[in-house]
Amino acid sequence: MKKVLSLFLLFFISWNLQAQENLDYQKPPKEILDLVDAPLAPSVLIDKKGENVILIYRDPYKSIAELSEEELRLGGLRINPKTNIGSRTRYYNNIQIKKALKDNIKQVEGLPENPRLANFNWSPDQKMIAFTHTTSTGVEIWLLNISENKVSRLMEATANANMGNPIEWKKDNSGLLVKVLPEDRKELIDTDESIPSGPVISVSDGEKAQNRTYQDLLSNPNDEFNFQQLALSKIVSLDLNGNQKEFLPTAMYSGISFSPNGQYVMVSKIKTPFSYLVPYYRFPSETNIYNMDGELVSQVNDVPLQEVLPKGFMSVRTGRRSMTWRNDKPATLIYAMALDEGDPENEVEYRDEVYQLEAPFKGDGESLLKTINRYRYIQWGSDDLAIAHDYWWNTRNMKAYIFNPSNNEQEPEVLFDRNYQDSYSDPGSFVTTKNDFNEYVIEMDGNKVFLMGDGYTPEGQFPFIDEINLKTKKTTRLYESKYTDKLENLYSSIDMKKGNVLVRIEAQTEYPNYYFRNIRKKNDLKQITSFDNPFKSMQDVHKEVISYKREDGLSLDGTLYLPVGYDKTKKEKMPMILWAYPREYKDKSSAGQNTSNPNEFIYPYYGSPIYWVTQGYVVLDGAAFPIVGEGEEEPNDTFRKQLVSNAKAAIDAVDELGYIDRERVAVGGHSYGAFMVANLLSHSNLFAAGIARSGAYNRTLTPFGFQSEERSYWDSPETYYNMSPFMHADKMDTPLLLIHGQADNNSGTYPLQSERYFNALKGLGATARLVMLPKESHGYSAKESILHMLWEQHEWLEKYVKNKTEDSKGEGNSK
């Protein structure tokens, strides 16, 4: 207790000892800058028939000016109140079209000036795409006619995208339902200038409300008022000529979904009272079914405020939940209800029961089946066949059930019962196709269905397509990728009966491109896209996946990159960057599986350490950092020990190859990876320096669980203490660079975590630097921020790793 008290005293003393450094945005070395500036290939949309390819382009980064536009953070949302769309929306700025098997790419005609395009929605027949365009004053609705290669504006800037995608296609392709701004929306309150009318009071009435540390919550009556005004919409019917007709009056609509036959629409809306403890999706809500004239047919759900839930990751609310349409029927609702009162601590034979409710949606639904674990979803096949899926986080178990939706007296049959972290045993995902309602259902050939799998094995990754007879359970392999120098990802079925599937193929220096493969014909491969490698300067970089063992025998792996121009025969000892992210497992068998593929394209995205191969560094990226707790033991019971053991095994493995100077190794990570970095530097002497981005360092500030830790601080205070780098700041004697977005909205990693941790380190005399990136969230998006982050990391690595001297070492207490 004295130790903790001293630490807090030092923290408060250090509050006024910070040394600020006024610095404009900087840029990294030219070799890194050139990689950052490489053009971004377009995103690819391909229709189900495999006929048309839509290429949508965007800039790789936003600008700091864009991030500086007005933003309100309310109820877990971030909204631009001037344009009425999410303030962090990713926009596209160009559209092109090509026929799948032709080279000619056509520029779409009629795009708006300065396009800011988002919310792309295929029409049910996939002949059109509706999308939004954000102007300086609001959100417009636009339409792409694929056959005509033209776009046109359907609606002026009156759409309301504050609650997400405002568009829902009608099933007959004749038009859309759109959420629009009400004419009588009230002026928002300027919370910076408003005068409070009284204190803000929260009340606990004795019920346990153990919630995560959510960000951007409502905090006062002014926030409540602004949230309500921004969430309010009318729903209008919009035809393809731009004519509007009111469909539903003003409310806080959150979701719109048509029945498969298009005769009904399910609409969800948020209600009061609001909460200061949980985000908007746990506010009270109501779900209603309307006919196509906007007349109420039935209220099918009424959900109260969800501030109080049972403890545990598998807890759910009582009542109807996971309400969706049944894809193979004209108008039937599906929903689940908890049989354990939503409390994972209650021991029951079945956790959930799934029901269907046919039009006109009155009364109680008909039971379809009960699930042993928590219900996830159902894939529909035929009148007498469907496959239900459930899962249970605590045991990492998932099950797939074959059941007869027409006969609930027929016992469901468990088809798969497996550990979902066991990649080697993954049977794949069921292949789907579109039915007469243009809804996705399981693709069937009599009693046979198809599975597409990632194909991870101890020998490597070989994606596959299997055929399984659901009567006999016999499985036949129809296709298995044979590549050992490339990676083939199986994306979707075009026509399984003919054997046509959509695949994507890439190699270390071959940019990912799309192809049609006929699995029933040998070497039948037809190229769809032809994107070039934009990172030519890295095409000679040596990359391999190395395997090694931890001291307890657990198999580990990581992707190793050698510096540009490195001579493997000379084996010069180079500095190394180790980048990782810890993951929790409940069994060693799954934790030791290798799911890294050396043939993945070398892609230096903004947060990657791969840039530094251009600067003379060896990089071990994605190093396996499993944290295992088998049986009654929880993974975090031995978190620190396993963390250090993982790191030592990785360094030993690369050192044995002869490539590195183990005295010049840096460790880096983002988010939970940053938490890992701070722990490694506090509890080992393995590293010369560390880089920790957007992390959390004091777990007492996330007292009701974090990451994969279900226990609260009061359940296991020693776990929270032992795992918190803040509590061990006096042990830090290795230079640590802390970087954090000032607007981080991720649960638990609020900016205060880095600020308080830095204050503790400075107060204790550790070598540290804190960089707060203005306007940035948990991931960084402005080009200015990203270039500066790369510069900061480069300067830190050059000083404390590559050019490490006795003077550049940290001077904190020894461990």
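Model, not experiment: these values are computed from the prediction.

A. The arrangement of unusual backbone geometry in detail. Along the chain, Thr 272 connects to Pro 273 via a cis peptide bond; the corresponding omega equals 5°. Here Pro 273 lies in the loop between β16 (264–270) and β17 (285–291). Cis geometry is found at the peptide bond from Ala 359 to Pro 360, where omega equals 15°. Here the phi dihedral of Asn 149 falls at roughly 60°; this positive angle occurs in a residue that is not glycine. Assignment of secondary structure puts Asn 149 in the loop between β10 (139–145) and β11 (150–159). Backbone geometry places Lys 473, a non-glycine residue, at a positive phi of 70°. Turning to its location among the elements, Lys 473 is positioned in the loop between β34 (464–469) and β35 (475–480).

B. View of the sheet that holds strand β2 (residues 52–57). Strand order in the open sheet made by the 4 strands is β1-β2-β6-β7, with antiparallel pairing throughout. The strands lining the two open edges of the sheet, one partner per strand, are β1 (43–46) and β7 (105–107). Between one strand axis and the next, the sheet turns by 25° as a mean value, whatever way the strands run. In terms of strand pairing, β2 meets strand β6 (residues 94–99) through 6 bridges, oriented antiparallel. Looking at the pairing, Leu 55 lines up with Gln 96 of β6.

C. Structural view of the pattern of salt bridges. Evaluated as defined, the whole model comprises 38 salt bridges. A salt bridge links Asp 652 to Lys 648; the shortest N-O distance between them is 2.8 Å. On the criterion of helical spacing, the pair formed by Asp 652 and Lys 648 is a turn pair, its members being 4 residues apart in helix α6 (residues 639–656). The partner of Arg 662 in a salt bridge is Asp 655, and the shortest N-O contact between them spans 3.1 Å. Salt bridges sharing common partners tie together Arg 321, Asp 340, Arg 351, Asp 352 and Arg 374.

D. Expanded view of the nonpolar core. If you look at the biggest cluster of nonpolar residues, it comprises 58 residues, and the most contacted ones within it are Leu 578, Leu 620, Phe 687 and Tyr 757. Ignoring sequence-local partners within four residues, the contact set of Tyr 757 consists of Ala 678, Ser 682, Tyr 697, Pro 725, Phe 726, Ala 729, Met 732, Leu 736 and Leu 738. One finds Val 44, Tyr 511, Tyr 617 and Ala 666 within the second-largest nonpolar core, a separate group that totals 49 residues.

E. The sheet that holds strand β21 (residues 352–358), seen in detail. Read from one edge to the other, the open sheet built from 4 strands follows the order β19-β20-β21-β22, with strand pairing classed as antiparallel. Edge positions in the open sheet fall to β19 (321–325) and β22 (366–371), since each of these has one partner strand only. Averaged over all pairs of adjacent strands, the angle between their axes in this sheet comes to 20°, without regard to strand direction.

F. Focus on the pairing of β1. Only one face of β1 is covered, namely the one carrying Val 44 and Ile 46; the face carrying Ser 43 and Leu 45 has none of its residues buried. Note: β1 against β2, 4 bridges, orientation antiparallel. Bridging from a neighbouring strand, Leu 45 pairs with Ile 54 of β2. Taking the residues that link successive antiparallel strands as the turn, the β1-β2 hairpin has 5 residues, and the phi of Gly 50 there is positive, at about 75°.

G. Region of the structure containing the packing of α6 against helix α7 (residues 672–683). Where α6 meets α7, the axes come as close as 10 Å, and the angle between the chain directions of the two elements is 85°. In terms of orientation, α6 and α7 fall into the roughly perpendicular class. Contacts from Phe 639, Arg 640, Leu 643, Val 644 and Ala 647 in α6 reach Tyr 672, Phe 675, Met 676, Asn 679, Leu 680 and His 683 in α7. Tallied by class, residues from the contact of α6 with α7 come to 8 nonpolar, 2 polar and 1 charged.

H. Fine view of the environment of Leu 368. Within the secondary structure layout, Leu 368 lies in strand β22. Sequence separation between Leu 368 and Asn 597 is 229 residues; the distance between their C-alpha atoms is 41 Å. Those residues in contact with Leu 368 that sit more than four places away from it in its chain are Ile 334, Val 354, Tyr 355, Gln 356, Trp 380, Phe 403, Pro 405 and Asn 408.

I. Structural detail: the layout of surface pockets. Estimates place the volume of the largest pocket at around 1200 Å³. Taken together, 42 residues line the largest pocket, and the ones lying closest to its centre are Tyr 581, Arg 583, Thr 595, Ser 596 and Gly 622. Those elements that place two or more of their residues in the lining of the largest pocket are β41 (555–561), β42 (574–580), β43 (583–585), α5 (588–591), β44 (618–623) and β46 (660–670). The residue makeup of the lining of the largest pocket, split by class, is 18 nonpolar, 15 polar and 9 charged. Of the volumes computed, that of the second largest pocket is approximately 1000 Å³.

J. Local environment of empty space enclosed by the protein. For the structure on display, the rule yields 1 cavity of 30 Å³ or more. Space inside the largest cavity adds up to approximately 120 Å³. What lines the largest cavity is a set of 15 residues, among which Glu 66, Glu 69, Asn 80, Ser 87 and Arg 116 lie closest to the centre. Broken down by secondary-structure element, the contributors of at least two residues to the lining of the largest cavity are α3 (64–67) and β5 (85–86). Its residues assigned to classes, the lining of the largest cavity comprises 3 nonpolar, 5 polar and 7 charged.

K. Spotlight on α6. For α6, spanning 18 residues, the distance from its first C-alpha to its last is 26 Å, which sits close to the expected 26 Å at 1.5 Å a residue. Where α6 is concerned, the buried positions are Phe 639, Gln 642, Leu 643, Ser 645, Asn 646, Ala 647, Ala 649, Ala 650, Ile 651, Ala 653 and Val 654.

L. Quick peek at the side chain of Arg 418. Locating Arg 418 in the fold gives a position in strand β26 (residues 413–419). For Arg 418, which is buried and forms no salt bridge, the nearest opposite charge comes from Asp 426, at a distance of 4.1 Å. Beyond its immediate sequence surroundings of up to four residues, Arg 418 is in contact with Arg 396, Asn 397, Met 398, Ser 423, Ser 425, Asp 426 and Pro 427.

Definitions and limits used
- Residues numbered from 1 in each chain as written.
- Predicted model: local features only at pLDDT ≥ 70, side-chain atom pairs only at ≥ 80, totals over all residues.
- Heavy atoms only, no water.
- Helix = DSSP H or I, 4+ residues; strand = E, 2+ residues; numbered from the N terminus.
- Pairing = 2+ DSSP bridges.
- Axes fitted to C-alpha atoms, helices over the stretch in contact; angles between N-to-C directions.
- Salt bridge = Lys/Arg side-chain N within 4 Å of Asp/Glu carboxyl O.
- Core = buried A, V, L, I, M, F, W, Y, C linked by side-chain atoms within 4.5 Å.
- Buried < 20%, exposed > 50% of the residue type's maximum accessible area, 1.4 Å probe, protein only.
- Contact = heavy atoms within 4.5 Å.
- Parallel < 35°, antiparallel > 145°, perpendicular 65-115°, else oblique.
- Nonpolar A, V, L, I, M, F, W, Y, C, P; charged D, E, K, R; others polar.
- 1 Å grid on protein atoms, 1.4 Å probe; cavity = no way out; pocket = protein on both sides within 12 Å on 5 of 7 lines; lining within 4 Å.
- Points joined across faces, edges and corners; volume = space filled by probe spheres on them.
- Expected span 1.5 Å × (residues − 1).
- Lys, Arg positive; Asp, Glu negative; His and termini not counted.

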